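Summary of structural features
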Amino acid sequence: MAMTMPKIFIPGASSDEGLAGFARDAEAAGIDGVFVGDHVTFYGSGSDALIRLAALAAVSSTLELQTCVYLLALRHPTPVALQAAMVDRLSNGRLILGVGIGGEDPNEWWACGVDPKTRARRTDEALQVLRSLWTQEETTFAGKFFTLNGVRMRPKPTRPAGVTLQVGGRSDAAFRRTARYADGWTGIWVSVRRFVEAGEKIAEFAAEAGRGDVAFPRGMQVWMGVDADREQAKAKVGGSMQAFYKLPFEAFEKYTPYGTPEQVAEFIAPYVEAGCRWVNFVVADAPEAVLERSVAVRDALQKMCG
């Protein structure tokens, strides 16, 4: 049976100066969307996902715009709800707000006045506040971390249900968060078996939460090294991941494809067979090479899908 080709997302341009040209090139190449990460001060560096996507929205017309993942708990959800709604309207409904609780650098949380031990509970509350502000005329909410009393917010997002919400992660807690508050899930560093299990657990948790009638599409974010020389491909992605996460590549290698476009596509294909609806390509290469490498892997995967 033929696989259904997933949507392909690539990283948003790393260069602010080249943003317009990047968006035009990505759309011309048939890329479905772009994703951006989010940090305030991750080991000293930051990039606000919604600001970058607002700029991309202004210079594109078809690209879906995804945060993967937005560290929602670093902020108060009320201004985030407004910012997301405005980006969504600016883009004509193309925003996908992917939320996570990444805590690799605890100092980032302390720098924002947030105890990293509270980030999961803050995220759960914030997701509820977002949905209410987007869909209700007036929001009253009493939580441990956030309290709102009769708050009205306009503009609203383009969809009556609000901006599409996704949760990123690989723990049972992420599956439960998806089932209770989100519209879909993006996995990272999970096996195909765990990817399948994620779908089963999300459905189970959703039924418990009274959302058993909701479909929860699943996607994957995949770091990759792409090169005709397999060892060179490994060196690219291994070096990039070690520099970014401050961890040895061995911690990620079994979840990380590298090699020719065909070899990388072969790694991704079982996830697609298991129902993966989108794949975020984290291509470890020079910025000017990312689109070309992504298209090569996309085309190889397309051939497998038939």
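In what follows, the accompanying structure is described. As the structure is a prediction and not an experimental result, all values here were calculated from the model.

Among the nonpolar cores identified, the biggest contains 76 residues, and Leu56, Leu97, Trp134, Met224 and Ile268 are the most heavily contacted of them. For this core, the element with the most residues is helix 10 (residues 287-305), which contributes seven residues. The residues touching Leu56, leaving out its near neighbours within four places in the chain, are Gly12, Leu19, Phe22, Ala23, Val34, Val36 and Leu65. Of all hydrophobic cores here, the second largest spans 18 residues; its members include Ile96, Ile188, Tyr245 and Tyr258.

Let us now look at unusual backbone geometry. A cis geometry characterises the amide bond from Cys68 onward to Val69, with omega recorded as -5 degrees. Here Val69 shows up in strand 5 (residues 64-70). Even without a glycine there, the phi angle at Tyr43 is positive, about 50 degrees. Of note, Tyr43 is situated in the loop between strand 3 (39-42) and strand 4 (45-47). For Tyr43, a relative accessible area of 39% puts it in the partly exposed group. Look at Asn92: it is not a glycine, yet its phi comes out positive at around 65 degrees. Take Asn92: it is sitting in the loop between helix 3 (77-90) and strand 6 (95-99). Given a relative accessible area of 69%, Asn92 falls into the exposed group.

Reading the values: rules and limits
- Residues numbered from 1 in each chain as written.
- Predicted model: local features only at pLDDT ≥ 70, side-chain atom pairs only at ≥ 80, totals over all residues.
- Heavy atoms only, no water.
- Core = buried A, V, L, I, M, F, W, Y, C linked by side-chain atoms within 4.5 Å.
- Buried < 20%, exposed > 50% of the residue type's maximum accessible area, 1.4 Å probe, protein only.
- Helix = DSSP H or I, 4+ residues; strand = E, 2+ residues; numbered from the N terminus.
- Contact = heavy atoms within 4.5 Å.

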